[in-house]
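Fold and geometry: a report
Okay, here's what each chain looks like letter by letter:
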Amino acid sequence: MIDTPQQQAPSVFRREWARLRADFWDMGMLSWIPVLLCGILWLIFSAGIARDLPIAVIDKDNSTLSRQLTRWLEASPGIQVHEQVQSNDQALQLLRERTVFGYLVIPDDFERQLLGGRQATVQWLYNAQFSSHAGALSRDVRTVTTTLSAGIEMTARAKQGMSTIQAAAQFEPVRTQLNSLYNENISYEAFLTLALMPSMLQIFIVIAVVTAIGRELRDGTVPQWLASAQGSWLRAVAAKLVFPLIAYTLLALLYLLFFSLVRDWAVAGSLVGLLLSMLLLVLAYCGLALLLIAATLSLRLSLSGAAFITAPAFAFAGQAFPLMAMPPLARAWAEALPLTHYLQLQTKYWLAGAPWSYGLQQMLILAAFAIGCGALGLLLLSRRANAPAAWGRT
Amino acid sequence: MMWTAFLATWRAMLTDKGALTLLFVGGVLYSFFYPLPYSKEIVQRVPVAVVDQDRSAMSRQLTRFAMAHPSLQVVAVTPELPVAQDLLWSNQVMGVLIIPEGLQTDVLAGRAAHAQVAGNGLYLMLNKAALNGLAEVVGTVSAGIELKRLGAATPSAIQAGQQRSPIDFEAVPLFNITEGYGAYVVPGVATLIVQQTLLIGMTMLFGTWYQRKSFPLAGPRTAGGYLGMLLAFASVALLNCCYFFGFVFWFQDYPRGGNFGGLLLLLVLFALALAAFGMLLGMLFRTRERGTQLMIATSMPILFLAGLTWPVSSMPVVLQWLRWLLPSTAGIQGFIALNQLGASLYEIRHEVAGLLALLIACVALGWWRWRRMELPVVDLNKG
């Protein structure tokens, strides 16, 4: 009795699974390595809000009022008065050492001027090279100073014979209530860590897919691969995509569960929309990776391509630095990255609380990436990959 | 022996197309690509909406001031809150000024009135720009009213102004004085790019040598051979650093310091530590592509561990210590201190000590592994 091809060759899916199981590192790239690296990223920013950032104070006045200002600075949760120094040179040295990230200069006539009903100027000099440290500190130092200033003004008005309530209404006729929507405390966990997770995911997806297909090309095992799929390119490619697809969809679910249940960033908008977006992100990058390896036919080149496209993608994705401030060329590159569109979806659905209809456009774009790149990649691969000239490129 | 090894390693780097691209082309490519989104440096004209529920002379004044503010662009004025919500969700505005009904009546009656200013807290830079701009608009209108009132009770406008705000707060940015985003983040990333391209290139070379049972150095594993190879890889790091700190920083017009002697010392130390680290790492790899595959995704955590974008003091203590095991940690901090802050050698003593300790540890471990490396089957030099 003659064996049919189905019985002879193991199914293409079983073949791929066996290969993955035999390869510790490839399997790791689908499982514990992304979990480990994402875990480290979460740990780095797990405090959410930076507290007790060190500053220095030059108190030239050394009066009751100047000491009160220093005490209030120390009491502010974001600030730690690391040291009182005597001169600008000392303070600058602390800045360059990065022991402190800014210093406040209180002038020697501080109390005299204020008690005399005149204005006194305090100077806040900060290390703008460490922008996120300085940004948080500047906000807090300004708040403390303004509070003291308002207190002095109220006292002065009270002396002029106004009642406290009257004085309060007089001294700032229109008050401003500031709100940071969806992220009241400006937590880096909400603003940054949540966006970093899919940014890591897209790197892993592209690497896993180009590795799975690229090694067949490198080793010249395309005929065996294709034979195990009974000559169907669709089935052959599907077997390469299915394991990354499952692994990274699960990873996306894992970070969704972790941050929404354990870290209490509940999904405020459309959960269905968010889940669908995650699936579309994984599919879009599977398509992109397929196109990358089909275009280069070289594992090394497509890994270099993956490094170029995915590693700096977060910088272009508009989460840290806004899209609207980018020059046209960078903007165009940003729009060509599925990550850019996905992050807008995630931001809307997860924390901003938008209903599903607000992400329709971006979801269609992601679907177009998946289908367009995927179809083109499949076509190129089926035309070019089953020829000895395409094999063994390093 | 050492110079033979040095030259043989250089020959191996130049004859491998993959390594050549990573070591010498990758950095140049990234040096133009990475700063691209930040070339305008700051955010201008953030789109905002005004929700005017008061429809009074005062609310119209607030709207006019918002329209005139240089960092804001008013894209919609509406009495309806849901309209603003819709604009926020569709990313068409990043901030909203809400003027509640009765604002003018309250102000004229001498009661405290409130205007609400909201920004999208999920986009930090836009949120900050929108909040600052809108708060300035409300503050300006409010101050105008207050000065008029004070003016009635005090002899001069100057005196009125001084009474209104007794403590004047003057904020002075140092070092990155224009507070550009690219000038803040690219110098740190430059060091990261030098490290990652070199490490990926080295793991590719070592993996290939193992896979093909070939090694650029003939004979037994000598100390001279190790040293020569170390110097060859270190010279690549040195060249790439010089390209970034010399050409790229000048081309992008980022702040630069003047401590040339200190820079030279840290450059040599960083290049040696990085090369020793890379050799130790490289000797673990068995195939050509594995290093690239494993290391692309490490760049982001490595950058954040350097403590440039997030304070080290806010990281868990374990990470505060472990991060010193990466050459980039001391490298990024040290080079920024020298190049951008103009630090002295004393002011980067922690970084110098960290790199020195890492160099010693990596050379000791690397030398131990080096002597246990399998002997080559084919000698490239004779091939």
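Residues numbered from 1 in each chain as written. Chains lettered and ligands numbered in written order. Predicted model: local features only at pLDDT ≥ 70, side-chain atom pairs only at ≥ 80, totals over all residues.

1. Brief notes about the overall build of chain B
When helices and strands are tallied, chain B shows 15 helices and seven strands. In terms of C-alpha radius of gyration, chain B reaches 29 Å, well past the compact-globule figure of 21 Å for 383 residues. If one aligns the C-alpha atoms of chain B with their principal axes, the spans along those axes are about 95 × 45 × 40 Å. A sequence separation of at least 24 residues applies to 81% of the contacts in chain B between residues at least 6 apart. (Helix = DSSP H or I, 4+ residues; strand = E, 2+ residues; numbered from the N terminus. Rg over C-alpha atoms; globule rule 2.2 N^0.38 Å. Contact = placed C-beta atoms within 7 Å.)

2. A short note on the overall build of chain A
Scanning chain A for helices and strands turns up 18 helices and five strands. The C-alpha radius of gyration computed for chain A amounts to 29 Å, which surpasses the reference 21 Å derived for 394 residues by more than 25%, pointing to a less compact arrangement than a globule. For chain A, the spread of C-alpha atoms along the principal axes amounts to about 110 × 45 × 40 Å. By residue count, 47% of the 394 residues in chain A fall in the buried class. A fraction of 77% describes how many contacts in chain A between residues 6 or more apart in sequence connect residues 24 or more apart. (Buried ≥ 20, exposed ≤ 12 C-beta atoms within 10 Å, placed from the backbone.)

3. A short note on the domain arrangement of chain A
Segmentation of chain A into domains returns domain 1 (5-45 + 187-390) and domain 2 (53-171). Inter-centroid distance (C-alpha atoms) of domain 1 of chain A to domain 2 of chain A is 50 Å. (Domains from an automatic or database assignment.)

4. What to know about the domain arrangement of chain B
By the assigned domains, chain B splits into domain 1 (2-38 + 180-382) and domain 2 (46-164). Between domain 1 of chain B and domain 2 of chain B, the C-alpha centre-to-centre distance is 51 Å.

5. What to know about the sheet that holds strand 4 (residues 113-120) of chain B
Taken in spatial order, the five strands of this open sheet run 5(A)-4(B)-3(B)-1(B)-2(B), and their pairing is mixed. Each end of this open sheet is capped by a strand with a single partner; those strands are strand 5 (174-181) of chain A together with strand 2 (72-78) of chain B. Along the sheet, successive strands turn relative to each other by an average axial angle of 20°, direction set aside. By the bridge criterion, six bridges tie strand 1 (residues 46-52) of chain B to strand 2 of chain B in an arrangement that is parallel. (Pairing = 2+ DSSP bridges. Axes fitted to C-alpha atoms, helices over the stretch in contact; angles between N-to-C directions.)

6. Concerning the confidence of the model for chain A
All names here are of chain A. Per-residue confidence for chain A gives a mean pLDDT of 91; residues scoring 70 or more make up 95%. Here helix 1 (residues 5-8) stands out as the element of chain A with the lowest mean pLDDT, 48, in contrast to helix 13 (residues 271-296), whose mean of 97 is the highest. For the stretch residues 1-6, pLDDT sits under 50, and the model shows two contacts to residues farther than four places along the chain or on other chains. (pLDDT = per-residue confidence, 0-100.)

7. Details of the pairing of strand 1 (residues 53-59) of chain A
Residue and element names in this part refer to chain A. The element strand 1 is largely enclosed, with a buried count of five among its seven residues. Note that strand 1 and strand 2 (residues 79-84) share five bridges and pair parallel. The residue of strand 2 that forms the bridge with Ala-56 is Glu-83. Handedness of the crossover joining strand 1 and strand 2 through helix 5 (residues 64-75): right-handed. Here strand 1 runs beside strand 3 (residues 102-106); their pairing, made up of four bridges, is parallel. Residue pairing in the sheet places Asp-59 in a bridge with Ile-106 of strand 3. (Right-handed = clockwise from strand over helix to strand, strands pointing away.)

8. Focus: helix 12 (residues 233-262) of chain A
Residues and elements named next belong to chain A. The terminal C-alpha atoms of helix 12 lie 43 Å apart, and with 30 residues this matches the ideal 44 Å at 1.5 Å per residue to within 8%. Of all the bends found along helix 12, the most pronounced is centred on Leu-241 and spans about 30°, while Pro-244, a proline, follows it within four residues. Looking one or two residues past helix 12, Asp-264 carries a phi angle of roughly 65°, positive in sign. (Expected span 1.5 Å × (residues − 1). Bend = angle between axes of the 7 residues up to and from the residue.)

9. What about the packing of helix 4 (residues 32-44) of chain A against helix 10 (residues 188-219) of chain A?
All names here are of chain A. One way to put it is that helix 4 packs onto helix 10 with a least axis distance of 10 Å and a crossing angle of 155°. In this view, helix 4 runs roughly antiparallel relative to helix 10, as classed from their interaxial angle. In terms of crossing hand, the pair formed by helix 4 and helix 10 is right-handed. Residues Pro-34, Leu-37, Cys-38, Leu-41 and Trp-42 of helix 4 form the contact with helix 10, whose own contacting residues are Thr-193, Leu-196, Met-197, Met-200 and Phe-204. Considering only residue class, the contact of helix 4 with helix 10 consists of nine nonpolar, one polar and no charged. (Parallel < 35°, antiparallel > 145°, perpendicular 65-115°, else oblique. Left-handed = near helix turned anticlockwise from the far one by under 90°. Nonpolar A, V, L, I, M, F, W, Y, C, P; charged D, E, K, R; others polar.)

10. With respect to the interface of chain B and chain A
The interface is formed by 90 residues belonging to chain B together with 101 residues belonging to chain A. If one sorts the elements of the side of chain B that touches chain A by residue count, helix 6 (residues 124-153) of chain B sits on top with 13 residues. Residue composition of the side of chain B that touches chain A, by class: 51 nonpolar, 28 polar and eleven charged. Bridging between strand 5 of chain A and strand 4 of chain B involves eight bridges; their strand directions are parallel. When the bridges of strand 4 of chain B are listed, Arg-175 of chain A appears paired with His-114 of chain B.

11. What about the nonpolar core?
Side chains that are nonpolar tend, in soluble globular proteins, to be buried together. Counting 251 residues, the largest nonpolar core has Val-48 and Leu-97 of chain B as its most contacted members. Sequence-distant contacts of Val-48 of chain B, that is, excluding residues within four places in its chain, are made with Ala-66, Leu-72, Gln-73, Val-74, Val-93, Met-94, Gly-95, Val-96, Leu-97, Ala-130 and Leu-134 of chain B. (Core = buried A, V, L, I, M, F, W, Y, C linked by C-beta atoms within 7 Å.)

12. Concerning the packing of helix 2 (residues 17-33) of chain B against helix 9 (residues 223-251) of chain B
Residues and elements named next belong to chain B. Viewed as axis vectors pointing N to C, helix 2 and helix 9 meet at an angle of 20°, and their least axial separation amounts to 11 Å. If you check the angle between helix 2 and helix 9, you find them roughly parallel. For the crossing formed where helix 2 meets helix 9, the hand is right-handed. When helix 2 is examined against helix 9, the residues Leu-23, Gly-27 and Ser-31 are found in contact with a partner set consisting of Val-236, Asn-240, Tyr-243, Phe-244 and Val-248.

13. Digging into the environment of Glu-347 of chain B
With respect to the element layout, Glu-347 of chain B can be found in the loop between helix 14 (327-339) and helix 15 (349-372). Along the chain, Glu-347 of chain B and Gly-334 of chain B lie 13 residues apart, while their C-alpha atoms are 9.1 Å from each other. Not counting residues within four places of it along the chain, the set of residues in contact with Glu-347 of chain B comprises Gln-93, Arg-96 and Glu-97 of chain A together with Ala-337 of chain B.

14. A closer look at unusual backbone geometry
A positive phi angle is found at Gln-230 of chain A, which is not glycine, with a value near 50°. Turning to its location among the elements, Gln-230 of chain A is positioned in the loop between helix 11 (222-228) and helix 12. One non-glycine residue with positive phi stands out, namely Arg-45 of chain B, at about 50°. Topologically, Arg-45 of chain B is positioned in the loop between helix 2 and strand 1.

15. Focus: the sheet that holds strand 2 of chain A
Spatially, 2(A)-1(A)-3(A)-4(A)-5(B) is the arrangement adopted by the five strands of the open sheet, whose pairing is mixed. Looking at which strands have only one partner, the edges of the open sheet turn out to be strand 2 of chain A together with strand 5 (167-174) of chain B. On average, each strand axis in the sheet is inclined to that of its neighbour by 25°, with strand direction left out of account. Of the strands in this sheet, strand 1, strand 2, strand 3 and strand 4 (120-127) of chain A together with strand 5 of chain B are in contact with helix 6 (residues 88-97) of chain A, which crosses strand 1 of chain A at around 170°.

16. Considerations on the environment of Ala-320 of chain A
Residues and elements named next belong to chain A. Along the chain, Ala-320 turns up in the loop between helix 15 (313-316) and helix 16 (328-335). Here Ala-320 falls in the buried class, since 20 other C-beta atoms lie within 10 Å of it. Through-space distance from the C-alpha of Ala-320 to that of Ala-195 is 9.3 Å; in sequence the pair is 125 residues apart.

17. Describing helix 13 of chain A
The end-to-end C-alpha distance of helix 13 of chain A is 38 Å, a good match for the 38 Å that 26 residues give at a rise of 1.5 Å each. Counting buried residues along helix 13 of chain A, 19 of its 26 residues qualify, which places the element largely inside the surrounding structure.

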